[in-house]
Amino acid sequence: MPNEPSKSVVVFAALQLANEQRSAYGLRYNDFVRYRKHCANRTHRLRSTLKMTHGKGREFKKHPPLSTDAIKDLHLQLLLLESERAWAHSQDLSLQAAQPSNAPHAATLRHSSTGRFRRAVHWATQLLSHSQALHAAGRLSPEYLLQVFVYTLILNGRFLRAREDLEEALAQLGVARGVLDALGERAGTSRARALYVLFGDEVGPEIRYCAHEMGRERAYDVDAIVVEVGRGRREELVPGCQKLLEGLGKGGEGEEGRKRLRELEWEGAPVPVRNPEIVDVLLKVQEAEARLDGEKKEKSSKKGVAAYDAILLALSDAEEVARKLVEAQQLNGSTSSAPPGVRDIHFVHSYIVYQLLSRRIQRDLLLVSALLSSSTHGPTAKEQVDSRLYPAVVKLLDTVLQSLDQMRTLSIVDDSPDLAAGVEGRTSFTKARRCLYLAQCYAPVKRYAEALALLQHTSIYVRETHALLSLLPPSSSPSPSHLAFFPLPPSSIKDLETSLASSSLALKRTWFAHNGGAPTSDKDRTFEKPLFFNIALNYVELDMERLAVRAGKQAEVEKRVEKRVEKRENVQQPVQQVKQVVKARVEEARPETPEPAAPARGGLSSLLGGWWGKS
């Protein structure tokens, strides 16, 4: 029992831990202040956990050296994070010294930066000595020891490059790059391989800079420099390197859950995946594609549509990770760290977006076929079609058009003329189908003119599809592979043309039977009074019958006049008889009016009346 701690195996992936910490806490955007604070907090927590604090207050308590049997993985993490903390502080001080506002204190800042860098190398050297002791005791695998060697060599090489010791810096960086290449070839997982490639890409530009400053003729050929340097200095800087590489099969391949990412290709060339984060999300995409292929074999449309949700979710996550890497590279203002002639992260992002859009189009087309197959459709079976069918199909085709338009703007599509012509041809074909089904939406509401106009647009898009597809060579390479998500054989275009002709003929016959082909029928026409019509009638007498005659409604006016005459004749006689009877009754009941009496003459009134001519 007491010997168990000494026999416990230590798992410590230095490069993986450093990459995770740098990516998550600021170094993706060159925020050295944030990363240094994170390392300080993390080292404080590790010291508290390991009970390795240096006392309280002003009293400094020095710890005794660690024995090999007592070392745990947390001790190695503490040394790595102390080195990262000092290195981040050094880089921050170098940036401050380069600012014009700090020109008076630039020398002091550079001196402090060199001191912190030297401290980082000290912590890394301590980490390497403990790792060698653990490997000698059989507690650390060769792969993990080589990772610590690489980390120490990269840090020391950068320190020597900053001190202008270019020859030694080139040797250490070249050996580190050679070991990374060897680890990548023997990596058991795709993620580990991408991790080694990532660190190798970071070291490549520094090797090129040192070789250029030293005056080498072929300074651009990094691989040749690595081979030349590694041939003479590898065993010196990494003792027992060849033996450690041979032992990778024993110590590095026993990890659980090992998964390999299948090789991605585009136009016959591989798509390099040089980042561990992208490898993780692409592995999820690979698993979702395997499940989708299994659902396709079962030939169940519902399960097939549901299986697309998982692959679209995985591709969305992959696109988000790749987009963040592209944005980080653009914000930093740095160029790609990939070797010249190798596709960079921008290409990988475009490739992932293309796969996402292609799977989305494939899902939408499957939904369209499922909707149309679930209901009898066509111009001759309009009564049996659900009124919601064609609007739903049109909406799905709108989504397909949106995806195709976005796909056409991708750089990988724009760089391939055949692929661009194929995408444009499928866009025109989808527009033709959309207009055809949109015309079927207008037919049930008797909007025949609009429906036939849409069918005319359909014929235009069909001709455009023929013109675009004629630009492709007979044996077009993009057609079977990159455009397999949207198969477009000549038979599909012929079927569309046949459906277009039958739909157009059926709509014309239905329109002619409805109102003789008039744009609008009298029943559907709504008459509206002109402005101020009611007010104008107060001042102008409007002859409505004359207006009706001018409008071509002579028969209706004659019928209206005849009805009016008959009505007057039927109503006139009873009205006259009633008036006579009423008049007789009124005369009989009316009393006689008494005659007025003659006034008496005399007095002043008679006298005045004589003067005015009255008797």
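Residues numbered from 1 in each chain as written. Predicted model: local features only at pLDDT ≥ 70, side-chain atom pairs only at ≥ 80, totals over all residues. Heavy atoms only, no water.

**Thoughts on the overall build of the chain**
Okay, step 1: Secondary structure assignment for the chain yields 24 helices and two strands.
Okay, step 2: For the chain, buried positions account for 40% of its 615 residues.
Okay, step 3: At a minimum sequence separation of 6, the contacts of the chain that also span at least 24 residues come to 73%.
Okay, step 4: Roughly 36800 Å² of accessible area belongs to the chain as shown, and the carbon and sulfur atoms make up 53% of that amount. (Helix = DSSP H or I, 4+ residues; strand = E, 2+ residues; numbered from the N terminus. Buried < 20%, exposed > 50% of the residue type's maximum accessible area, 1.4 Å probe, protein only. Contact = heavy atoms within 4.5 Å. Areas by Shrake-Rupley, 256 points an atom, 1.4 Å probe, with all protein chains shown as cover.)

**As for the pattern of salt bridges**
Okay, step 1: If you walk through the whole model with that rule in mind, you get 25 salt bridges.
Okay, step 2: The shortest N-O distance in the salt bridge between D221 and R218 comes to 3.2 Å.
Okay, step 3: The class for R218 is partly exposed, based on a relative accessible area of 48%.
Okay, step 4: Residue E424 pairs with R408 through a salt bridge whose shortest N-O separation is 2.9 Å. (Salt bridge = Lys/Arg side-chain N within 4 Å of Asp/Glu carboxyl O.)

**A closer look at the nonpolar core**
Okay, step 1: With 74 residues, the main nonpolar core has F12, L15, L146, L155, V179, I207 and V238 as its most contacted residues.
Okay, step 2: Sorting elements by how many residues they give to this core places helix α6 (residues 142-162) first, with 12 residues.
Okay, step 3: Contact partners of L146, with chain neighbours within four places excluded, come to V179, L183, V238, L244, L245 and L248.
Okay, step 4: Ranked by size, the runner-up nonpolar core spans 55 residues in total, among them Y354, A451, F485 and L496. (Core = buried A, V, L, I, M, F, W, Y, C linked by side-chain atoms within 4.5 Å.)

**Considerations on the packing of aromatic side chains**
Okay, step 1: By the definition in use, this model includes eight aromatic pairs.
Okay, step 2: On the numbers, 6.2 Å between centres and 85° between planes, the contact of Y354 with F485 is edge-to-face. Pair noted here: Y354 is in helix α14 (residues 345-373) and F485 is in the loop between α19 (478-481) and α20 (490-515), with a separation of 131 residues, a long-range link.
Okay, step 3: Given the relative accessible area of 9%, F485 is considered buried.
Okay, step 4: For the pair Y390 and Y437, a centre-to-centre distance of 5.9 Å together with 25° between the ring planes defines the contact as stacked. Placement of Y390 in helix α15 (residues 389-408) and of Y437 in helix α17 (residues 417-442) is noted, with a sequence separation of 47 residues between them. (Phe/Tyr/Trp six-rings, centres within 6.5 Å; stacked < 30°, edge-to-face > 60°.)

**Overview of the side chain of S90**
Okay, step 1: Mapping S90 onto the fold places it in helix α4 (residues 73-97).
Okay, step 2: Relative accessible area serves as the criterion here: at 0%, S90 is assigned to the buried category.
Okay, step 3: If sequence neighbours within four positions are ignored, S90 has contacts with S113, R116 and F117.

**Points about the packing of α6 against helix α8 (residues 190-213)**
Okay, step 1: α8 packs onto α6 with a crossing angle of 30° between their chain directions and a minimal axis gap of 12 Å. Our classification of the angle between α6 and α8 gives roughly parallel. α8 is crossed by α6, and the crossing has left-handed handedness. Contacts from E143, Q147, I154, R158 and R161 of α6 reach α8 at Y196, F199, E202, V203, E206, Y209 and C210.
Okay, step 2: Of the residues in the contact of α6 with α8, the class split is six nonpolar, one polar and five charged. (Axes fitted to C-alpha atoms, helices over the stretch in contact; angles between N-to-C directions. Parallel < 35°, antiparallel > 145°, perpendicular 65-115°, else oblique. Left-handed = near helix turned anticlockwise from the far one by under 90°. Nonpolar A, V, L, I, M, F, W, Y, C, P; charged D, E, K, R; others polar.)

**Brief notes about helix α9 (residues 222-237)**
Okay, step 1: Taking 1.5 Å per residue as the helical rise, α9 with its 16 residues ought to reach 22 Å, whereas the 19 Å between its terminal C-alpha atoms falls clearly short.
Okay, step 2: For α9, the principal kink sits at R231 and spans about 55°.
Okay, step 3: Of the residues making up α9, those classed as buried are V222, I225, V226, V229, G230 and L237. (Expected span 1.5 Å × (residues − 1). Bend = angle between axes of the 7 residues up to and from the residue.)

**As for a nonpolar patch on the surface**
Okay, step 1: A surface patch of nonpolar side chains, about 640 Å² in accessible area, is lined by L531, F532, I535, Y539 and V540.
Okay, step 2: Within the secondary structure, Y539 is located in the loop between α21 (533-536) and α22 (544-550).
Okay, step 3: Of the residues examined, Y539 reaches a relative accessible area of 70% and is grouped as exposed. (Patch = residues over 30% accessible without salt bridge, like charges linked within 9 Å, V, L, I, M, F, W, Y side chains within 5 Å.)

**Considerations on the packing of helix α7 (residues 166-185) against α8**
Okay, step 1: The N-to-C vectors of α7 and α8 enclose an angle of 155°; their axes lie 9 Å apart at closest approach. When the interaxial angle is binned, α7 and α8 end up roughly antiparallel. When you trace α7 past α8, the crossing you get is left-handed. Here L166, A169, L170, L173, G174, R177, L180, L183 and G184 of α7 lie close against α8, whose contacting residues are R193, Y196, F199, G200, V203, G204, E206, I207, C210, A211 and E213.
Okay, step 2: Here the residues of the contact of α7 with α8 sort into 12 nonpolar, four polar and four charged.

**Things to note about the environment of L410**
Okay, step 1: Of note, L410 is situated in the loop between α15 and α16 (411-414).
Okay, step 2: Residues L410 and F347, spaced 63 residues apart in sequence, show a C-alpha to C-alpha distance of 9.7 Å.
Okay, step 3: When residues no more than four places from it in sequence are discounted, the contact partners of L410 are S350, V353, Y354 and L357.

**Digging into the confidence of the model for the chain**
Okay, step 1: Taken over all residues, the pLDDT of the chain has a mean of 83, while the share at 70 or more is 82%.
Okay, step 2: In this model, residues 377-382 is a region of pLDDT below 50 whose contacts with residues beyond four sequence positions or in other chains number 11 contacts.
Okay, step 3: Below pLDDT 50 for its whole length, residues 476-480 participates in six contacts with residues either more than four positions away or in separate chains. (pLDDT = per-residue confidence, 0-100.)

**Considering the environment of L46**
Okay, step 1: Assignment of secondary structure puts L46 in helix α3 (residues 32-50).
Okay, step 2: Residue classification places L46 among the buried residues on the basis of a relative accessible area of 6%.
Okay, step 3: In the structure, L46 is positioned 32 residues away from L78 in sequence and 6.4 Å away in space, judged by C-alpha atoms.
Okay, step 4: Not counting residues up to four positions away in its chain, the partners in contact with L46 are L74, Q77, L78 and L81.

**A word on the side chain of R433**
Okay, step 1: With respect to the helices, strands and loops of the structure, R433 is situated in helix α17.
Okay, step 2: Here R433 sits buried without a salt bridge, and the closest side chain of opposite charge, D495, lies 10 Å off (N-O distance). (Lys, Arg positive; Asp, Glu negative; His and termini not counted.)

**Here's the deal with the environment of G422**
Okay, step 1: Following the sequence through the fold, G422 ends up in helix α17.
Okay, step 2: On the accessibility criterion, G422 (0% relative accessible area) is buried.
Okay, step 3: Between the alpha carbons of G422 and T465 there is a distance of 9.4 Å; along the sequence they are 43 residues apart.
Okay, step 4: Residues in contact with G422, not counting those within four places in the same chain, are L472 and L483.

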